[in-house]
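The primary structure of each chain is shown beneath.
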Amino acid sequence: MRDFFIPFIQGALRSAGIETDKEIQIEKPNDKKFGDFSTNIAFLLAKELKTNPRELAGKLIGLMSFPESTVVKIEVAGPGFVNFHLDPAFVMRSAREVLVSGDSFGRRSVGEGQKAIVEYVSANPTGPLTVGRGRGGVLGDCIANLLATQGYEVTREYYFNDAGRQMQILAESVRFRYLERCGLSVEFPQTHYQGDYIRDIAETLFIEHGDELANSEGLSLFKETAEGIIFASIRKTLSRLSINHDSFFNEHTLYQSGDNGTSPNQSVIDALDAKGFISRHENATWFMTTRLGQEKDKVLIKSTGDPSYRLPDIAYHVTKFERGYSLIVNIFGADHIDEYPDVAEALKILGYDTERIRVAINQFVTTTVGGQTIKMSTRKGNADLLDDLIDEVGADATRLFFIMRSKDSHLNFDIDLAKRQSKDNPVFYLQYAHARICSLLRMASKEFGFDADAAKGDSLEVLVEPVEIELASALLDYPEVIQSCLRFLEPQKMVEYLHGIAELYHKFYQECPILKADEQMRTGRLELSICVRQVLRNGFALLGISAPESM
RNA sequence: GUGCCCGUAGCUCAAUGGAUAGAGCAUCAGCCUUCUAAGCUGAGGGUUACAGGUUCGAGUCCUGUCGGGCAUACCA
């Protein structure tokens with residue numbers, strides 16, 4: 001809807017002989033007395049034109065003319081806002097687009113022909129997913145969904161490492177538990193994974209092999225078994241939340257030589273070396289980040305000869321560019337906050353355009369039960385598990401709670417609140433609105449033979465109640481909400497928006513009789529209801545929550 | 001110590017640099033012989049942690065102070 005105004009404002013600017021590259025901002029005033037839309041363009045230009053905003057605004061509205069029955073009033077208000085008042089019939093006519101576009105309402109083609117990659121979760125298979133990981137997972141998944149609506153060809157990728165030190169500790173942990181299971185007395189180190197799932201894996205091995213592994217020193221069977229079981233459980237947990245990656249990138253491939261005889265890791269070292277950013281001392285290979293103003297250099301290859309996590313991280317990102325992605329989105333937890341800057345610096349040195357990369361860092365999740373905070377740690381085995389959370393509150397509530405807050409804020413996941421099957425739970429509020437419409441349409445079909453699938457929106461224009469106009473106008477904001485979510489990588493704005501739609505619908509439902517109205521009015525209100533249902537459905541799909549037809 | 005995030009109603013949180021800072025919960029007062037009351041209407045509740053600055057305009061941007069979280073590894 002905002003786009004509607006742009007050409008007219010540009011036209012007025014041209015007529016006034018004003019050239020500017022300033023972005024024309026259209027906003028929806030909070031207070032309706034300021035019109036349906038407004039622009040602050042006069043403020044933005046007043047300074048460089050050495051005039052006052054009110055005067056400029058007055059001049060501009062004199063140069064704007066809108067088609068019949070679209071904008072009914074333009075006025076200058078306050079210190080220089082230009083406010084537009086729409087013809088309600090224009091709003092209702094426009095709302096037909098929701099019906100016409102259906103499931104693709106809100107879609108755009110701006111990303112057409114471009115590949116985007118979203119990397120999220122990326123937990124190493126050392127244990128079951130914790131609640132904290134879920135937040136990044138849902139955030140990444142929603143961002144991928146949002147990008148897909150804009151025409152991007154989206155890859156959802158999971159990056160993992162099954163070769164590092166943590167996996168070694170995992171294998172040893174399983175072996176200790178296995179030896180215990182064989183009846184041998186061993187001391188389980190505090191540094192190792194304490195969780196019960198280690199015992200379960202050991203039990204699996206014991207059932208399959210009895211105690212015949214007790215004397216072998218090799219760890220590979222322990223590691224492979226653990227990895228297989230844990231990875232399967234991670235993927236199962238994710239799929240419960242409708243998170244399904246289509247690419248799993250194993251860090252190990254970065255160690256293997258390609259066609260040119262060098263590994264991606266080695267290529268990074270060589271390239272950085274050529275630029276003079278590599279030094280070798282103390283038996284290690286260093287990335288000279290001090291040349292970039294940092295306090296210390298960073299180790300890329302340890303004195304053991306193994307790369308530190310930084311090197312494959314850089315090499316991994318190189319592959320994202322080399323695989324042809326024009327948009328690269330990374331979702332990290334706050335604990336990895338120091339990881340990305342070094343990667344970005346290295347990529348810049350190697351000549352890659354880091355502007356294509358967008359990083360979303362989500363803050364931590366604390367869960368509270370009965371007002372008490374649970375601290376989490378995978379190593380100590382007292383983590384609150386994502387699976388347990390889903391068991392308790394359901395997949396829809398889990399997803400919604402994870403994204404209903406800004407990623408920059410700590411999330412306080414109140415399990416008691418989410419568990420309550422009552423109006424306190426925001427997911428019910430949204431879903432109830434959808435179910436209510438479905439029920440209404442079922443009844444309309446039964447009583448009047450109303451065919452929702454055949455509705456074209458021809459009767460929308462008979463609607464004149466303020467709440468009806470407001471609702472239709474709000475529905476038309478949906479495409480812009482998607483763009484806003486992407487601009488800030490904040491799907492939470494969609495939750496807020498849908499909540500507002502649900503609220504307006506409930507109000508409309510309360511104030512306006514639908515099935516009891518005369519035929520024309522009834523049809524118009526049913527059509528508006530279908531529009532609402534469509535926007536809710538589309539929004540729910542982006543957020544990955546279900547749209548129940550009855551509750 | 002340094003870097004990043006946060007500090008907004010009793011609680012959990014919103015608010016592209018815009019006009020009188022908004023929702024939900026909780027509290028209080030109303031609305032079902034009427035399409036789903038899992039709903040709606042209304043009321044109370046604020047020096048946006050504090051002090052400066054930038055400008056037509058600051059919760060938002062800049063500087064500093066205080067408070068909380070995270071990170072500061074040859075772990076990932």
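Not measured: the values here are computed from a predicted model. Starting from 1, residues in each chain are numbered consecutively following that chain's sequence as written. In the order they appear in the text, chains get letters beginning with A and ligands get numbers beginning with 1. Local features in this predicted model are restricted to residues whose pLDDT is 70 or higher, and side-chain atom pairs enter the listing and the counts only when it is 80 or higher, whereas totals over whole chains, interfaces and linings include all residues. Note that the side-chain values use all heavy atoms of the structure and ignore hydrogens as well as water.

Section: the packing of aromatic side chains
Right, on to step 1. Two rings from Phe, Tyr or Trp (for Trp, the six-membered ring) form a pair when their centres sit within 6.5 Å of each other. Planes less than 30 degrees apart are called stacked, planes more than 60 degrees apart edge-to-face, and all others tilted. For the coordinates displayed, the defined rule picks out 29 aromatic pairs.
Right, on to step 2. Summarising the aromatic geometry, the rings of Phe5 and Phe37 are spaced 5.2 Å apart at their centres and angled 50 degrees between planes, so their arrangement reads as tilted. Within this pair, whereas Phe5 is found in helix 1 (residues 2-15), its partner Phe37 is found in strand 2 (residues 37-39), the two being separated by 32 residues in sequence. By the burial criterion, Phe5 is buried, and Phe37 matches it.
Right, on to step 3. On the basis of an interplanar angle of 10 degrees and a centroid distance of 3.9 Å, the ring pair of Tyr159 and Tyr316 is categorised as stacked. Helical segments are the DSSP runs of H or I of at least four residues, strand segments are the runs of E of at least two, and each set is numbered from the N terminus. In this scheme, a residue with accessible area under 20% of its type's maximum is buried, one over 50% is exposed, and one in between is partly exposed, where area comes from a 1.4 Å probe on protein chains only.

Some thoughts on the domain arrangement of chain A
Right, on to step 1. Domain annotation of chain A identifies domain 1 (2-86), domain 2 (120-243 + 370-414), domain 3 (256-362) and domain 4 (423-543).
Right, on to step 2. As used throughout, domain bounds are those supplied by an automatic or database domain assignment. Taking the mean C-alpha position of each, domain 2 and domain 4 sit 39 Å from one another.
Right, on to step 3. By the convention used here, residues are in contact when the closest approach between their heavy atoms is within 4.5 Å. The partner domain 4 presents 18 residues to the 19 residues of domain 2 that form the contact.
Right, on to step 4. Buried surface at the junction of domain 2 and domain 4, summed over both partners, amounts to about 1600 Å²; 71% is from carbon and sulfur atoms.
Right, on to step 5. Considering only the surface of domain 2 that becomes buried against domain 4, Leu146, Leu400 and Ile403 emerge as the three largest contributors, covering 33% of it.
Right, on to step 6. Think of a salt bridge as a Lys or Arg side-chain nitrogen and an Asp or Glu carboxyl oxygen that are within 4 Å of each other. Measuring nitrogen to oxygen at the nearest pair gives 3.6 Å for the salt bridge that ties Glu490 to Lys407. Accessible-area loss on putting two parts together, using a 1.4 Å probe and summing over both, is the definition of buried area adopted here.

A short note on the side chain of Arg436
Right, on to step 1. Secondary-structure assignment places Arg436 in helix 15 (residues 426-448).
Right, on to step 2. The residues touching Arg436, leaving out its near neighbours within four places in the chain, are His506 and Tyr509.

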